[in-house]
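Here is how the chains run, residue by residue.
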Amino acid sequence: MGLLKNMLCKTLIPVLSFLTLYFNSDAQIKIIKGIITDAHSAERVPFASMRFKKAGTGKLSDSAGNFTFHFTEWPAHDTLEITYVGYRDFELPIDSLASKLNGQNTIAIGVKLERGKYINEVVVERKIDRGLLLWKKIVRRKKFNDRYRFSNFSYELYNKLELDLNKVNKEKLQGSKIFKPFKFVFDNIDTTEGSAFLPTYLTETISDYYYQKSPVKRREVIKASKTIGVNNESVSRLLGGMDQNIDFYSNFIPVFDKRFVSPISDNGSDYYRYKIIDTQYVNNRRLFHLIFTPKHKGQSTFEGDCWVHDTTFAIQKMNLRLSADANINFVEQLSLIQEFKLINDTTWFLAKDKFVVNVSPGGKKLPGFIGRKITMYKNITVNDSSVTNELNKNKLIEEVLFTPGAREKTDSFWATARHDTLSKNEKAIYTMMDTLLKMPVFKRYVNIVNFLTTGYYESGKLEFGPWYSMVYSNILEGLRLRFDLGTNRFFSKKIILHGYLAYGFKDQKLHSEADALYMIKKNPRFTLYGMYKNDIDYGQPYYGDITSDNIFALAFRKPNIPIKFINIEEKKLEVFKEWHSGFSVRLTGDNKIYDPLLNLPPKTIYPATSGEPLNTFEASIKLRFAYLEKFFENTFYRTSLGSDYPIVDFKYTRGISGVLNSSYNYDKISASISDYVHVSPYGNFYYNVFGGRTFGTLPFPFLDIAPGTEIYYYNPYAYSLINKYQYLHDKYIGINFEHNFGPGLFRFIPLTRKLKFRQFWTAKALWGSLSDANKTFNSSSYYTFQSLDGKTYLELGTGVDNIFKFFRLDLVWRVLPQPAPAGSSSGFGIFGSLRIGF
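Residues numbered from 1 in each chain as written. Predicted model: local features only at pLDDT ≥ 70, side-chain atom pairs only at ≥ 80, totals over all residues. Heavy atoms only, no water.

A. Geometry of the overall build of the protein chain. Counting secondary structure elements, the protein chain contains 13 helices and 42 strands. Burial analysis of the protein chain (838 residues in total) assigns 49% to the buried set. Across the protein chain, the fraction of contacts at a sequence separation of at least 24, relative to all contacts at a separation of at least 6, is 64%. If you sum the accessible surface of the protein chain, you get close to 41400 Å²; carbon and sulfur atoms cover 58% of it. (Helix = DSSP H or I, 4+ residues; strand = E, 2+ residues; numbered from the N terminus. Buried < 20%, exposed > 50% of the residue type's maximum accessible area, 1.4 Å probe, protein only. Contact = heavy atoms within 4.5 Å. Areas by Shrake-Rupley, 256 points an atom, 1.4 Å probe, with all protein chains shown as cover.)

Shown next, in the form of structure tokens:
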């Protein structure tokens, strides 16, 4: 009995006393709980240090950024301080929370940590650099941890992209007459992240992705795609897994059109400092917390941190942020996050990607955009015959396919199929955009913005423009007015019609063009094109450059160079057929009648034995191979996004007399090979090698005229110090080369580093000759054509790119030939151009 009594006194009575105290005082216990997240990426911050400054007590948040404090006595007049390496210290006065209790015992809060406070914490001199040693172990184990080590793998992929308009002044916009019809939109403005933002766009994609290491094959089958407002297959392809694969284990990580050095690059120690700041256990696994910062300013590097498994040295999670002086435009903040999970006892595999970027084209104080892209991976399979069987269906090494009905999935399908639930903002986007797209006033506003930015205005089934070609003036035509009219996708999704009329008030002549494109098949492309034109030949326009027939060209002409005018009447019929491999064939029948008008040899000096002078009919075949070339497409037209492989062109042309009164028989061949090549970390370069030969004695319009320019707007495809119609050849070869370094030497100068100037150099060479027969045939007192006669033409250039983020300045020298031929431009020129890019 004595023993039992003693046990009751020592064990049961204290337990009963504790329970009595607990239940009697439950009403007095107060709880503060919350989640700590990154203010930019919304990612949770694990193991943050929390301390009450007055009481001196504290704890760490858990591995998911959660924390909970219990108080029997409210910590009045105290301050909760939260610190984490790489973030600014956060202080929360407890008295500010007391009013939120309202008779409740629990307060739930969210803590958003802002970035900062990196450099001083990392630069620590030690005899043994534990951070550097850990980096070396990570690099040594890359071949065992990178997912591309597997012979094959597959997974289901879920992509979600959201675009928000940020820094929205709700009161100002609501008071504007322009936005009065859209007041309901402002109900969706969110202020939970500091500055107000308005969710505006959301797209989701679910696909099955397959990969094989040797031989390399990739396949993506898009099972579902949902977008309100943009039903564009090419957008869905680009947002799938094929083009959005970022591998932190690779040496370079793409950020828009740039390539940044990965912190775990094989040469990472040349670019980063490393420091281990913590060790924690998560799910009974020991993880090192490693942070890294750039060694040098102005390089393409990140700052951030990662958690590393202490046994396999695999990355469990990595957070990348742009360093403060990274040379990239319009980006205020950028976060790249990857999380990995174990799919068995030893195999880590990518589980989640997250990309968040704040883009501010007008500066930090003006509204911009927040882009948020989340990618999730599940149903992961590695080294399995099912993957090989699926990839055996490929006809190319890389294929992206849509299953039937992929873009018509129901809401009930998405509710169960998406890997993550939609937030309140994301759900509101679909409703808001659906309402906006049904409003005629919204369509009208979209058309106005489109007209100002692209030059074209849509009204119903018709399209007007471009506006920048409506008014022009030159010495031959005087004031020239032009009116363009065409159809659009609402008229037909198979055929598009276009035409214009132009009138010169000085020469009192009417010029015109009419053309039509019929889409037989869209993918792969199969089209029929017809065109009639009677107008002055202004040369071949290139994307992004100024042509000679618009109002902007007037301000950029070189002085003291006579303008050459030649009229062309052209009838063309063209068939284009493309295959999935990237091989295409273009068959063309083309009748051209030239009439030189000013500062060129007149038509009368070229007598024809039969037919009309300067009248030709050409039948040509053009072969092109652009392997795995990608495009951004609309209903009829598309813009090439390039290929990872060289692009090859070959063209054969046969001139035939007696067709539509044509006068000449001849043969022409031409070929080119071009490519954009990344040479990270030394930027990228572009090259184009081209050449051709003409067999026959012909007037100058049918020979090769070296591409020159007579304006000070820089044309990357023309020779800057050659005038139009200066050099004439029937045999030629040329090289165009441009190397963009990025910041280059400018990163060593504080001012130019701050201004984000970029460095480049260019080289353009040409070799050509003209047969004696063609020299004699084109000799006249009206105009003297020149030929290189086998000599080398070479111009070299350099300059400053990214001036005020929009402009490029080229300084170009003609090196050869020396001395310069008569009638040549100056041996040096300064050219400007508009360049918009990240």
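Okay, back to it.
B. Representation of the nonpolar core. Judged by nonpolar contacts, the single largest core of 48 residues is most densely connected at F302, I315 and L336. When residues in this core are grouped by element, the largest group, five residues, is from strand 18 (residues 348-359). Within the second largest apolar cluster, 25 residues are counted, among which are I36, F47, W74 and Y87. (Core = buried A, V, L, I, M, F, W, Y, C linked by side-chain atoms within 4.5 Å.)

C. View of helix 10 (residues 424-437). A rise of 1.5 Å per residue sets the reference length of helix 10, with its 14 residues, at 20 Å; its end C-alpha atoms lie 20 Å apart and thus fit the reference within 8%. Turning to helix 10, its buried residues are N425, E426, A428, I429, Y430, M432, M433 and L436. (Expected span 1.5 Å × (residues − 1).)

D. Quick look at the packing of aromatic side chains. The full count for this structure, using the stated rule, is 51 aromatic pairs. Ring plane angle 75° and centroid distance 5.0 Å describe the contact between F52 and F69, whose orientation is recorded as edge-to-face. Of this pair, F52 sits in strand 2 (residues 49-52) while F69 sits in strand 4 (residues 66-71); the two residues are 17 residues apart in sequence, bridging distant segments of the chain. Pair check on accessibility: F52 and F69 agree, each one buried. A ring pair is formed by F685 and Y687, whose centres lie 6.4 Å apart and whose planes are at 35°; its orientation type is tilted. Accessibility expressed as a relative area gives 19% for F685, which makes it buried. An aromatic cluster of three or more residues is present, and its members are Y148, F150, F153, Y155, Y209, Y211, F349 and Y377. Sitting above the plane of the F631 ring, R638 keeps its charged end 3.8 Å from the centroid. Positioned over the ring face of F760 is R808, at 3.9 Å from the centre of the ring. (Phe/Tyr/Trp six-rings, centres within 6.5 Å; stacked < 30°, edge-to-face > 60°. Lys NZ or Arg CZ within 6 Å of the ring centre and 35° of its normal.)

E. Quick look at the environment of I343. Within the element layout of this structure, I343 appears in the loop between strand 17 (331-342) and strand 18. The class of I343 is partly exposed, set by a relative accessible area of 32%. Each C-alpha atom, one on I343 and one on K378, is 10.0 Å from the other, the two residues being 35 residues apart in sequence. With residues near it in sequence (within four places) discarded, I343 still touches F349, I380 and V382.

F. Representation of empty space enclosed by the protein. Enumeration according to the criterion identifies one cavity of 30 Å³ or more in this entry. Looking at the largest cavity, its volume works out to about 70 Å³. Around the largest cavity, the lining residues are D38, E43, R44, V45, P46, Y84, Y87, D305, W307 and N319. When its residues are assigned to classes, the lining of the largest cavity shows five nonpolar, one polar and four charged. (1 Å grid on protein atoms, 1.4 Å probe; cavity = no way out; pocket = protein on both sides within 12 Å on 5 of 7 lines; lining within 4 Å. Points joined across faces, edges and corners; volume = space filled by probe spheres on them. Nonpolar A, V, L, I, M, F, W, Y, C, P; charged D, E, K, R; others polar.)

G. Spotlight on the side chain of N159. Within the secondary structure layout, N159 lies in strand 8 (residues 152-166). Within polar-contact distance, the side chain of N159 engages the side chain of T375 at 2.4 Å. (Polar contact = N/O pair within 3.5 Å; in protein donor to acceptor, adjacent residues only side chain to side chain.)

H. Focus on the sheet that holds strand 6 (residues 90-93). As summarised here, the arrangement of the four strands in space is 3-2-5-6, forming an open sheet in which the pairing is antiparallel. Edge positions in the sheet fall to strand 3 (58-60) and strand 6, since each of these pairs with one other strand and no more. For this sheet, the mean angle separating the axes of adjacent strands, direction not counted, is 15°. Note that strand 2 and strand 5 (residues 79-83) share four bridges and pair antiparallel. Bridged to R51 within strand 5 is E81. (Pairing = 2+ DSSP bridges. Axes fitted to C-alpha atoms, helices over the stretch in contact; angles between N-to-C directions.)

I. Inspection of helix 4 (residues 130-140) at higher detail. For helix 4, the set of buried residues is G131, L134, W135, I138 and V139. One side of helix 4 carries all its buried residues, which in axial view fall inside an arc of 140°. Where helix 4 is buried, its residues contact helix 5 (142-145), strand 13 (272-282), strand 14 (285-294), strand 15 (302-309) and strand 16 (315-322). Near the N-terminus of helix 4, the side chain that reaches the backbone nitrogen of G131, with its oxygen 3.2 Å away, is that of D129. (Arc of directions from axis to C-beta.)

J. How the structure looks around the sheet that holds strand 4. Pairing in this open sheet of three strands is mixed, and the strands run 4-1-7 from one edge to the other. Strand pairing shows two members of the sheet lacking a second neighbour, strand 4 and strand 7 (106-113), which therefore form its edges. Recorded for the sheet is a direction-independent mean angle of 20° between the axes of neighbouring strands. Where strand 1 (residues 30-38) and strand 4 come together, six bridges link them in antiparallel fashion. In the strand pairing of strand 4, I35 is matched with N66.

K. Fine view of the side chain of T37. Relative to the assigned elements, T37 resides in strand 1. Sequence-distant contacts of T37, that is, excluding residues within four places in its chain, are made with A42, E43, R44, V45, V111, K112 and L113.

L. Inspection of a nonpolar patch on the surface at higher detail. On the surface, Y518, I520, L528, L573, V575, L587, I621, F650, Y652, I669 and F695 cluster together to form a nonpolar patch covering roughly 870 Å² of accessible area. Going through the elements one at a time, strand 26 (509-521), strand 28 (565-578) and strand 33 (647-655) are the ones with two or more residues in the nonpolar patch. Mapped onto the elements of the fold, I621 is located in strand 30 (residues 615-626). Of the residues examined, I621 reaches a relative accessible area of 31% and is grouped as partly exposed. (Patch = residues over 30% accessible without salt bridge, like charges linked within 9 Å, V, L, I, M, F, W, Y side chains within 5 Å. Salt bridge = Lys/Arg side-chain N within 4 Å of Asp/Glu carboxyl O.)

M. Inspection of unusual backbone geometry at higher detail. Here the bond from G465 into P466 is cis, since omega is 20°, no more than 30 degrees from zero. Considering the arrangement of structural elements, one finds P466 in the loop between strand 22 (462-464) and strand 23 (471-474). A cis amide bond links N523 with the next residue in sequence, P524, at an omega value of -5°. Within the fold, P524 resides in the loop between strand 26 and strand 27 (526-536). In the Ramachandran plot, N383 falls in the positive-phi region, its phi being about 50° despite a non-glycine side chain.

N. Geometry of the confidence of the model for the protein chain. In this model, the protein chain carries an average pLDDT of 84, and 87% of its residues clear a pLDDT of 70 or more. Across the protein chain, strand 33 holds the top mean pLDDT of 97, while helix 1 (residues 2-25) sits lowest at 41. Every residue in residues 1-26 is under pLDDT 50, and counting partners more than four places away or in other chains gives six contacts. Predicted confidence for residues 119-125 stays below pLDDT 50, and this span has ten contacts to residues more than four positions away or in other chains. (pLDDT = per-residue confidence, 0-100.)

O. The arrangement of the pattern of salt bridges in detail. Applying the stated criterion to the full structure yields 39 salt bridges. D266 is the partner of K142 in a salt bridge, and the nearest nitrogen-oxygen pair spans 3.0 Å. Here D266 lies in the loop between strand 12 (258-261) and strand 13 and K142 lies in helix 5, a separation of 124 residues in the sequence. We classify K142 as buried; its relative accessible area is 9%. One salt bridge in this structure joins R808 and D810, with 2.7 Å as the shortest N-O distance. The network of salt bridges with common partners includes E43, K317, E339, K352 and K354.

P. Focus on the environment of G455. Within the secondary structure, G455 sits in the loop between helix 11 (440-454) and strand 21 (457-459). Remark: the alpha-carbon pair of G455 and G465, spanning ten residues in sequence, is separated by 5.8 Å. Excluding residues that lie within four positions of it along the chain, G455 makes contacts with N450, F464, G465, P466, W467 and Y468.

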